[in-house]
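What follows is each chain in one-letter form.
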Amino acid sequence: MDQLKILFDALIVPPNERFGLVWEESDQPETVVEMAEQMFPALKPVPSLDIEGENESPVHYIIEGDNYHTLSALTITHAQRVDVIYIDPPYNTGNRHLTYHDNRKDKSSANRHSKWLNFMYHRLRLAQELLTNDGVLLISIDDREMAHLKLLCDGLFGSDNFIGNFVWVNRTTPNDAANKFATDHEYILVYTQDRANFQLKGVPKDFSKYVNRDNDPNGPWMPDNPSAASGTEKDRFPIKNPHTGEIYYPPDGRYWAFAKRRVKEWKKSGKLVFPKESGKRFLLKKYLSELRSEYNPASSVINNVLTSHGTKELKQIFGSGSPIKYPKPTVLLKHILGLINKHEGVFLDFFAGSGTTGQAILELNEEDGGSRQCILCNNNENNLCRNVLHPRLQKISEGYTVDATQRETLYERKLTVNTLKKTGTYLQEITAISEQYQDSYDELKQSLKDNMLRLEGVRKKPVTVAGIQASFKYFQTQFIPPQDTRIRQACAHLLCLREQTFEPITITLHYHIYKSQHQVTTICFEEPSSWKPLKKALPKGLTIKFYVFRESDYSLVTDNFSKAKVEYAPDKIKRLFTS
């Protein structure tokens, strides 16, 4: 009998009240899931692929390997430390020509979506452990799995923590559908760990209409509608113009948008301005200083950002064809991540693809002075991580050169019914001009558009795009048996990743010391025979952080280093040395 995974373990309720998502559990779990249960999920530094920018803080991470492995490692280093997760997982299209594997369907199964659901469930369950109390998860998806994905996330996060669903209109030309139904959108689901702690920042309001036309001491203002669509009869009181004696009432079916007691007050303050001529309406001022927020709610529909923009972007960065199909445009990621009211913190993408999330984070930091740290996880299937994601972010960080096209019109003729007989003459003129300028341009382009015959000279001038000077550390996933001699170094690497301290100072059997510009991290695996060499090795003038594994070591460290921050190693590491 098939095993069934019932998502809502808590919903063990009478059958007539039961609601949830059920799918077929695979008889053969993923190899990476089994290995993560048996061995330690290490992250091995690959220094040769580090990107050394002038901006050393924050240090961003690229992690190459299966994202389940990566998430397992991050539950050790970043449990409840990740502020934002954005992912663009495989859409389960069945297409095998994509750069990533996008065929999670098992057509021999009773439920062809089960394999994809198993794949996503295991990863989202780990991802949930990483989010802070006010953390947010955003997932791109299309119609194939959107309904299943929402139920899956409802089960993991709770339906009350569903914030909303962005509809991204990602194309303008209809696809060639047999049923003549053009699908021109995708979705971005938004969930939070706790709705009570989360609120989008929204989109900035337009303040250009606020102008101080009359030197009002209350500052810039704009005309406001004095009437409202709802109210009661008591809100239809008369207002008298003090200059002309004219009486004003709200339009039929509408009501004054303010109480009667406000009229006298606002006449005196100048918020209500009355005309000195009969037949004109009074003016109600809305002051810029009265706005409760500088932001409007974000629309659930995202327009004017197309998938083709992402393709053109990669072509420009790599100087040739796009190395991956259907990359998300950077402007899309900047829009949705910019709606989140966080200018710092940890942003994770464990389906990082071509690195769009990384570029979006770097550009947002550059534009608003933020210090968001991004962690990008990607397998290296078809060399995607090393040949696309890494070089893309290296170019964005260090700068790159693109060919900018410059066009000059060399010949132009309007074709009409009367001039069509002269077409041969015009073409001869174009030929003569082409011969004259053939060595002056990279390309001569002839066109006929809107009845205009035109010859253009095209020059491709190299333009340098300045780098953002961001720094990245590159890691590769690695499973290590718990009894392996490399386990101490592997644990040290994870704790260094957690603290962003990577420069080794001292490595001994009992302790490892690493530093950054601002901090020293000491990993005290066991009590040393003497504390003096350790004290001598610690750099001066930096914050000192200790990781210990036993209660006795905690007391000894606090006694010997009174100004140091002392913390127990994460449980998954601690158990390796104390069990």
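Before any of the text, the structure's been laid out above.
Residues numbered from 1 in each chain as written. Predicted model: local features only at pLDDT ≥ 70, side-chain atom pairs only at ≥ 80, totals over all residues. Heavy atoms only, no water.

Caption draft 1: Region of the structure containing the sheet that holds strand S3 (residues 40-45). In space, the 10 strands of this open sheet follow the order S3-S24-S4-S20-S19-S5-S6-S8-S7-S18, with mixed pairing throughout. Taken across any chain shown, the strands that pair with only one partner, and hence form the sheet edges, are S3 and strand S18 (301-302). Where strand S5 (residues 82-87) and strand S6 (residues 131-141) come together, 5 bridges link them in parallel fashion. Pairing of Tyr86 across the sheet is with Leu138, part of S6. Here helix H2 (residues 67-77) sits on the sheet and contacts S3, strand S4 (59-64), strand S19 (344-349), strand S20 (371-378) and strand S24 (471-480); the angle it forms with S3, its principal contact strand, is near 95°. (Pairing = 2+ DSSP bridges. Helix = DSSP H or I, 4+ residues; strand = E, 2+ residues; numbered from the N terminus. Contact = heavy atoms within 4.5 Å. Axes fitted to C-alpha atoms, helices over the stretch in contact; angles between N-to-C directions.)

Caption draft 2: View of the sheet that holds strand S22 (residues 443-449). Spatial ordering of the open sheet is given by S21-S23-S22, a layout of 3 strands whose pairing is antiparallel. The sheet is open, and its two borders are formed by strand S21 (399-414) and S22, each paired with just one other strand. For this sheet, the mean angle separating the axes of adjacent strands, direction not counted, is 35°. Looking at chain direction, S21 and strand S23 (residues 452-466) are connected through 15 bridges and run antiparallel. Along S23, the bridge assignment pairs Tyr400 with Val465. Helix H10 (residues 423-437) contacts S21, S22 and S23 of the sheet and is inclined by roughly 140° relative to S21.

Caption draft 3: The arrangement of the packing of aromatic side chains in detail. Evaluated as defined, the whole model comprises 23 aromatic pairs. Plain terms: the ring middles of Phe157 and Tyr191 are 5.9 Å apart, the flat faces sit at 35° to each other, and that makes the pair tilted. Separated by 34 residues along the polypeptide, Phe157 in helix H4 (residues 146-157) and Tyr191 in strand S8 (residues 185-192) bring together distant segments of the chain. An aromatic cluster of at least three residues, connected via ring pairs, comprises Phe237, Tyr248, Trp256, Phe258, Trp266, Phe274 and Phe282. A cation over a ring is seen here: Arg213 above Trp221, with NZ or CZ 4.9 Å from the ring centre. (Phe/Tyr/Trp six-rings, centres within 6.5 Å; stacked < 30°, edge-to-face > 60°. Lys NZ or Arg CZ within 6 Å of the ring centre and 35° of its normal.)

Caption draft 4: Quick peek at unusual backbone geometry. Residue Asn451 is not a glycine yet carries a positive backbone phi of 65°. Here Asn451 shows up in the loop between S22 and S23. Unusually for a residue other than glycine, Gln500 sits at a positive phi of about 60°.

Caption draft 5: Layout of the packing of H2 against helix H3 (residues 114-130). With their axes 9 Å apart at the nearest point, H2 and H3 run at an angle of 25° to one another. By the angle between their axes, H2 is roughly parallel relative to H3. The two elements H2 and H3 meet at a crossing, and its hand is left-handed. Counting all contacts with H2, which are made through Asn67, Tyr68, Leu71, Ser72, Leu74 and Thr75, the residues of H3 involved are His122, Arg123, Arg125, Leu126, Glu129 and Leu130. For the contact of H2 with H3, the class distribution of residues is 5 nonpolar, 4 polar and 3 charged. (Parallel < 35°, antiparallel > 145°, perpendicular 65-115°, else oblique. Left-handed = near helix turned anticlockwise from the far one by under 90°. Nonpolar A, V, L, I, M, F, W, Y, C, P; charged D, E, K, R; others polar.)

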